[in-house]
Amino acid sequence: MRKPPARQRPRSKAFRSAAWLIAVLLTATVTSACGVAELKFSEEINMGDMSHHAGAHDGHAHDGHTSGGQASQADAVSCADMTEAPSDAPVNRFELTAARTKVKLGNGKSAQAWTYDGTTPGPELRVREGDRVVVKLSNQDIDDGVTIHWHGVVLPCSQDGVPGVTQDVVKPGESYTYEFIARHPGTYWYHSHQMSSEQAKRGLIGRLVVEPKTRTFDYDRDYAVTLQKLNDRIFLTNGQADGLQLDAKPGETVRLRLINSTNEVQWMGVAGADFKVVSIDGQDLNEPGPLTGDWVPVGGQRYDLLLTMPDRGQVHVYSREQEKLRVALGEGGAPPKLDPKGKTFDFTAYGVPKEDGITPDMHFDREYNLVLGPITINGKRFHEIPPIVVKEGEWIKVRLEHKLGGPHPMHLHGHVFKILTKNGKPLTGSPIYADSVLLFMGDVYEIAFQANNPGLWMEHCHNLEHASAGMTMMVNYEGVTTPYRVGTRSGNIPD
C-alpha cells in the first residue's frame, strides 16, 4: 500500500477558511451519524443476559439450534466459576503493582505514566509451554481501577480480565490473582482492559512470551519488542524513545517478536537482511519463505520475524510511518533504508498449504455477518450490538466486511480462529490461525472457529479508540452467566 501524496499548502486565506468550514461540517455530520456525542455507558448492563436480542443478529443457525437466548437458569454456569483445574504443572508466580510513575525514556527525558511494577512496558513475563502462570495484580493508586487482560491467550473465562464480564475492576488498595495454564507457545501481551483506550496508552501494558517445549524454528537469539505510543504522543520501542539497540553477531539467527500496542497500523520493514514471517498472533506458519524489502502491516497484532545477521553491518527493523519505532541489531554501519513504496507482505499466499479440514465450504453450525463502519458493527455500538451466540462444540463462520472508515484490527478473546478467505478468495499459502485480523476499507474476510472454550468473550476493534467509541460486541455461549455488571454503578468500563 502506498502513502497518499502530501497535500499542498492552501494558497489563500479564503481557501483555508473554506477548507476549515468544510472539515467542521464533515466532522459534525460524521459525529452525528455515528452517534459519538450521545455515547454514554448505561448505569448497569448484564453482558451475559442477551435474551432480549434473541434472533436479532445478522446471521443464521443450523441443525435446529436457536440463534440466540440462553439455557434455563437452573442449567446455567457462571463465568466466575470457570477456573483452571488443579494440576501438577510447574508454577511460575509473578506479582505486578499498578501505579502512577515517572519513567525514564532513555534519551535523558522522563514522562508521567501508569505502570506495572514501575516500568512501561511492564516486566516481560517468560514461561514455558505447559506452565501454570499465577499473577497477583495489586492496584496502588489508579483511581478508576485496573485489570489485566492476557491478550491472545486461550484461558478460562474467569481469568480474561474484562471488568464487568469476568471480574470486578481492581480498585486502589485491592488485589486480584490470575491463574491459567500456558497451553499454547507464542508471543502475547497483557494490558488493562478497564478503560483500555486510556489506560493502555498511559502505559499499563507488558509482554508475555510462552516458549515452546520443542522449537519449530532454529535461532540463536530471541527478543520480544513492544511498539508503543505513550500518552498518545511519545513513541517508544521497549520503553526507549530513540529506538532500541540489541546484540547480535554476524551469522547469528534472530527471532524478533514484534508486538504493536499502538492504535495505528505500523508498516514494519527489515533493512540489511532477508527475513521470514514465522508466526502471526503466536501461531506458527507452515514453511515460510524468504522476503526482501517487504513492508509488513501490523495492526494490534504480533508478528514474529526470523532473520540471519550479515557478515558485517547492522540490521534495522523499523516502522515506515514512525521511524522512532525501530530496532538496530548488531554493530557496524547502518544499512540503506528501504523503498517506502516497496511491496506489501501478503499472508494470503505466503508459505506452504497444510491440510487441516477447515475449509470455506465445510458445514458450519452458525454463520454471522459483521459489517464494520467507522466505529460501528452492523450499524450499532457496544451493548446495542446483538452478540454472536454459540453452543459448545459448534463450528462458527463469521464474515467481516469493512465498508467505511480507517483500519480495523478485529480481535476475538478466548479463541484462535482460522482465516478462510479474503475478498472471496481462499488463502493459497500456509494456514493462518490468529486472534486478530486487520481490515482496511473494502476488505472482506471470512474466519472460522470452533466454540471450544465456554464463557463470555469480547470481540472488538483493537484500535482502542474505536473500541471506546462502541466498536465492541460479545461472543456468548448458551447457558453461561456472569455475576458482574458493566456500567457507571459498578465502575466496570471494559472498552
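In this text, all values refer to a predicted model and were calculated from it rather than measured experimentally.

Asker: I'm lost on the pairing of strand β24 (residues 395–402) in this one. Help?
Answerer: Note on strand geometry: in a regular strand, side chains alternate between the two faces of the sheet. Counted residue by residue, β24 has 6 buried out of 8 residues, so it is predominantly covered. For strand β22 (residues 366–372) and β24, the ladder comprises 7 bridges, and the chain directions are parallel. Bridging across to β24, R366 finds its partner in I396. Strand direction decides the pairing type here: β24 and strand β30 (residues 444–450), joined by 7 bridges, are antiparallel. For E401, the partnering residue across the bridge sits in β30 and is V444.

Asker: Could you clarify how one ought to interpret the sheet that holds strand β4 (residues 110–116) in this entry?
Answerer: Each strand in a sheet pairs with another by means of backbone hydrogen bonds, the pair being arranged parallel or else antiparallel. A sheet is described by the order of its strands in space; here 4 strands give the open sequence β4-β3-β6-β8, paired in mixed fashion. On the outer flanks of this sheet lie β4 and β8 (175–181), each paired with one strand and no other. Sheet twist, expressed as the average angle between the axes of neighbouring strands with direction ignored, equals 25°. Direction of pairing for strand β3 (residues 91–104) relative to strand β6 (residues 132–139): parallel, over a ladder of 8 bridges. Across the sheet, L96 pairs through a bridge with L137, a residue of β6.

Asker: Quick question: what am I supposed to make of the nonpolar core here?
Answerer: Most often, soluble globular proteins keep nonpolar side chains buried together rather than apart. Ranked by internal contacts, the top residues of the largest apolar core, which has 100 residues, are W150, V277, V317 and L329. Ignoring anything within four residues of it in the chain, the contact list for V277 reads L285, P288, L291, V296, Y303, D304, L305, F345 and Y350.

Asker: For this particular structure, what's the right way to read unusual backbone geometry?
Answerer: Among all residues except glycine, the phi angle is most often negative; among peptide bonds, the trans geometry is most common. Each neighbour pair has its own omega, and for T120 with P121 the value is -5°, a cis peptide bond. With respect to the secondary-structure elements, P121 resides in the loop between β4 and β5 (125–128). Residue E287 is not a glycine yet carries a positive backbone phi of 50°. Position of E287 among the secondary structure elements: in the loop between β17 (283–284) and β18 (296–298).

Asker: What's the story with the side chain of R381 in this structure? I'm lost.
Answerer: Tracing the backbone through its elements, the reader meets R381 in the loop between β22 and β23 (388–390). Within polar-contact distance, the side chain of R381 engages the backbone oxygen of A469 at 2.9 Å.

Asker: For this particular structure, what's the right way to read the packing of aromatic side chains?
Answerer: Tallied over the entire structure, the rule returns 10 aromatic pairs. With a centroid separation of 5.4 Å and 55° between ring planes, the pair formed by W150 and F180 is classed as tilted. Separated by 30 residues along the polypeptide, W150 in strand β7 (residues 149–151) and F180 in strand β8 bring together distant segments of the chain. W150 gets classed as buried once you look at its relative accessible area, which sits at 0%. Looking at F180, the relative accessible area reads 1%, which means it is buried. Of the aromatic side chains, those joined through ring pairs into one cluster are Y116, W150, Y176, Y178, F180 and Y190. Residue placement shows R320 over the ring face of W267; its charged tip is 4.8 Å from the ring centre.

Cut-offs used in this document
- Residues numbered from 1 in each chain as written.
- Predicted model: local features only at pLDDT ≥ 70, side-chain atom pairs only at ≥ 80, totals over all residues.
- Heavy atoms only, no water.
- Buried < 20%, exposed > 50% of the residue type's maximum accessible area, 1.4 Å probe, protein only.
- Helix = DSSP H or I, 4+ residues; strand = E, 2+ residues; numbered from the N terminus.
- Pairing = 2+ DSSP bridges.
- Axes fitted to C-alpha atoms, helices over the stretch in contact; angles between N-to-C directions.
- Core = buried A, V, L, I, M, F, W, Y, C linked by side-chain atoms within 4.5 Å.
- Contact = heavy atoms within 4.5 Å.
- Polar contact = N/O pair within 3.5 Å; in protein donor to acceptor, adjacent residues only side chain to side chain.
- Phe/Tyr/Trp six-rings, centres within 6.5 Å; stacked < 30°, edge-to-face > 60°.
- Lys NZ or Arg CZ within 6 Å of the ring centre and 35° of its normal.

Interpretation note: all reported values are geometric properties and have no functional meaning in isolation.
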